[in-house]
Amino acid sequence: MFVPVIRFFDRMVQRYLPDAFIFALILTVLVFLLGVGMTDSSPVDMVTHWGDGFWDLLAFTMQMSLIVITGYMLASAPAVTLLLRRLSMFAHTPVQAIVLVTIVALTACLINYGFGLVIGALFAKHVARQVPTVDYRLLIASAYSGFLVWHGGLSASIPLTIATSDHFLVDSLGVIPISETLFTPYNLFIVAVLFVSLPILNALSLKATNQTQQIDPAFLDLGTKKEEAATSAHTPAERLENSQILSLIIGLTGLGYVIFYFSQNGLDLNINIVNFTFLFLAILFHRTPKRLLQSVTEAVKNAGGIIIQFPFYAGIMGMMVASGLSDKIALWFVQISTEQTLPLLTFISAGLINIFIPSGGGQWAVQGPIMIPAALELGADPARIAMAVAWGDAWTNMIQPFWALPILAIAGLKVRDIMGFCVILLFWSFIPISIGLLFL
């Protein structure tokens, strides 16, 4: 039963799911029509909302582009390439490859979502070189499956936001420490069940794949090109380009700041410090500015999808929020909720809204002001409701290509290549998340 279901979804996705950019364009049209049909916004209003919001994610677009670029730069450095290769040698069979990649991705995403996205994809490519008979599409889907747990981990934006003293709902919600969100029994249960079950589920999915087909090793090339010798430097400019001393000074200075940052802030792995760390480690490990820039040339090829697509999602978010469409969706779920069912229905509504607003912080800004007053009125636990929004945001990422773009860029695949497997993960993860939110 399990194998035919996976094959069915894989066939459907391969046949009918368009490129991720086309998906973003279709969502744009859909939200426009829903806004005109379900709110007081006119077509002119919706176009205005779309244009006004179009550039709202510029800073985030740059952050995610740099995650891909700096992650690739670091991973292509000889020392890191050697480390990842040695770690990949623990896998000798396709099942071991799938399980190993899933565990590494889950662990990395629990530490930091940006770190997990990049490391999972880069490590998967090394594992594919080690076990060429493994289904490459499933291997990358396994790397992406780790992203399911990010909003229950250390970089979870919603619980970390409400743990600060100046968050925008502090007057009604107060300050909620992470001991009442991330380290509650229900959240630990959800994370533990997913951590144990996803490697098994991904390994079982191998039965639905063609395990006799091998990936072309040239397609997986990463950090294997011969480096240009630095001995050809003759002019002062060439000597600077090949200066190991210059890279050492700048690299150590950057790492000095990283050490200072963590000494002052603890394990606060926000996206900026992850990018900063990746960049300066890459500067050190490539040893010369010239070698570093050669890796940049290869790395920037992977960021194109993010650069062109994220503004369209910003426009979609602008239409959803400014038209009141996202409020209408959230309020409908509130109206049919009770104290007992509010966490589950909040989770489901968050999953639906996440398809259109695939940003944890952005989604909380939309749903928080609706769900928290409803929780207080119904007598539900507001901290649990906040985590329900968080898990809803993580849940439907399995069918929303927004966050898959960095992994797909590094892997060299299209969204249709992995989403058939991810649909199964979406259905399965609904069960432990619902149990945790309702009964624990």
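Residues numbered from 1 in each chain as written. Predicted model: local features only at pLDDT ≥ 70, side-chain atom pairs only at ≥ 80, totals over all residues. Heavy atoms only, no water.

Asks: Explain the overall build of the chain to me, using residue names and the numbers behind them.
Replies: Across its full length, the chain carries 22 helices and 0 strands. The principal-axis extents of the C-alpha atoms in the chain amount to approximately 75 × 50 × 45 Å. Every one of the 440 residues in the chain was classed for burial, and the buried ones make up 55%. Carbon and sulfur atoms provide 68% of the accessible area of the chain, an area that totals close to 18,500 Å². Taking the 20 positively charged and 24 negatively charged side chains of the chain as two groups, their mean positions are separated by 18 Å. (Helix = DSSP H or I, 4+ residues; strand = E, 2+ residues; numbered from the N terminus. Buried < 20%, exposed > 50% of the residue type's maximum accessible area, 1.4 Å probe, protein only. Areas by Shrake-Rupley, 256 points an atom, 1.4 Å probe, with all protein chains shown as cover. Lys, Arg positive; Asp, Glu negative; His and termini not counted. Charge placed at Lys NZ, Arg CZ, Asp CG, Glu CD.)

Asks: Please set out the pattern of salt bridges residue by residue, giving values where relevant.
Replies: For side chains bearing opposite charge, pairing can occur when the charged atoms are close. Taken as a whole and assessed by the stated rule, the structure comprises 2 salt bridges. With its nearest N and O atoms 3.0 Å apart, the salt bridge here joins Asp10 to Arg137. Residue Asp10 is found in helix H1 (residues 2–16), and its partner Arg137 is found in helix H8 (residues 136–145); the two are separated by 127 residues along the sequence. As a salt-bridge pair, Asp19 and Lys414 come within 3.6 Å of each other at their nearest N and O atoms. On the criterion of sequence distance, the pair formed by Asp19 in the loop between H1 and helix H2 (20–38) and Lys414 in the loop between helix H21 (405–411) and helix H22 (415–439) is long-range, its members being 395 residues apart. Relative accessible area serves as the criterion here: at 27%, Asp19 is assigned to the partly exposed category. Residue classification places Lys414 among the partly exposed residues on the basis of a relative accessible area of 41%. (Salt bridge = Lys/Arg side-chain N within 4 Å of Asp/Glu carboxyl O.)

Asks: A description of the nonpolar core should follow, citing residues and the corresponding values.
Replies: In this structure, Leu139, Tyr144, Phe147, Trp364, Trp391, Trp403 and Ile418 are the most contacted members of the largest nonpolar core, which totals 143 residues. A total of 11 residues in this core trace back to one element, the largest contributor, which is H22. When residues no more than four places from it in sequence are discounted, the contact partners of Phe147 are Cys109, Tyr113, Leu117, Asn397, Met398 and Trp403. (Core = buried A, V, L, I, M, F, W, Y, C linked by side-chain atoms within 4.5 Å. Contact = heavy atoms within 4.5 Å.)

Asks: Tell me about the side chain of His151, and name the residues and values.
Replies: In this structure, His151 sits in the loop between H8 and helix H9 (157–161). For His151, the side chain forms a polar contact with the main-chain oxygen of Ala390, separated by 3.1 Å. Among the polar contacts listed, one links the side chain of His151 to the side chain of Asp393, at a separation of 3.0 Å. In contact with His151, not counting residues within four places along its chain, are Ala156, Ser157, Ile158, Pro159, Leu182, Gly360, Met387, Ala390, Asp393 and Ala394. (Polar contact = N/O pair within 3.5 Å; in protein donor to acceptor, adjacent residues only side chain to side chain.)

Asks: A description of a nonpolar patch on the surface should follow, citing residues and the corresponding values.
Replies: A surface patch of nonpolar side chains, about 530 Å² in accessible area, is lined by Trp428, Ile431, Ile435, Leu438, Phe439 and Leu440. By secondary structure assignment, the location of Ile435 is in helix H22. (Patch = residues over 30% accessible without salt bridge, like charges linked within 9 Å, V, L, I, M, F, W, Y side chains within 5 Å.)

Asks: Explain the environment of Gly361 residue by residue, including any values.
Replies: With respect to the helices, strands and loops of the structure, Gly361 is situated in helix H19 (residues 360–378). Counting along the chain gives 39 residues from Gly361 to Ala322, while the straight-line C-alpha distance between them is 16 Å.

Asks: Any chance you could break down the packing of H1 against H22 for me, citing the residues and the numbers?
Replies: It is at 8 Å that the axes of H1 and H22 come closest, and there the two elements cross at 135 degrees. Regarding the angle of H1 to H22, the classification is oblique. As for the relative orientation of H1 and H22, their crossing is right-handed in sense. For the pair formed by H1 and H22, the contact residues are Phe2, Val5, Ile6, Phe9, Asp10, Val13 and Gln14 on the first element and Arg416, Asp417, Met419, Gly420, Phe421, Val423, Ile424 and Phe427 on the second. Within the contact of H1 with H22, the residues separate by chemical class into 10 nonpolar, 2 polar and 3 charged. (Axes fitted to C-alpha atoms, helices over the stretch in contact; angles between N-to-C directions. Parallel < 35°, antiparallel > 145°, perpendicular 65-115°, else oblique. Left-handed = near helix turned anticlockwise from the far one by under 90°. Nonpolar A, V, L, I, M, F, W, Y, C, P; charged D, E, K, R; others polar.)

Asks: An account of the packing of aromatic side chains is requested, with residue identities and associated values reported.
Replies: Throughout the structure, instances matching the rule amount to 25 aromatic pairs. Between the aromatic rings of Phe54 and Trp55, the centroid separation amounts to 4.9 Å while the plane-to-plane angle is 85 degrees, which identifies the pairing as edge-to-face. The class for Trp55 is exposed, based on a relative accessible area of 53%. Centroid distance Phe276 to Phe280: 4.5 Å. Interplanar angle 35 degrees. Geometry classified as tilted. Of this pair, Phe276 and Phe280 both sit in helix H14 (residues 271–286), separated by 4 residues, roughly a single helical turn. Take Phe276: its relative accessible area is 25%, and that puts it in the partly exposed class. The rings of Phe60, Tyr113, Tyr144, Phe147, Trp150, Phe310, Tyr313, Phe402 and Trp403 are connected pair by pair, giving a single aromatic cluster. (Phe/Tyr/Trp six-rings, centres within 6.5 Å; stacked < 30°, edge-to-face > 60°.)

Asks: Outline the confidence of the model for the chain, listing residues and values.
Replies: Per-chain confidence: the chain averages 88 in pLDDT, with 94% of residues scoring 70 or above. Within the chain, the lowest mean pLDDT, 83, falls on helix H12 (residues 236–241), and the highest, 96, falls on helix H11 (residues 185–204). Here residues 223–230 is modelled with pLDDT under 50, and outside its nearest four sequence neighbours on either side it reaches 13 contacts, counting other chains as well. (pLDDT = per-residue confidence, 0-100.)

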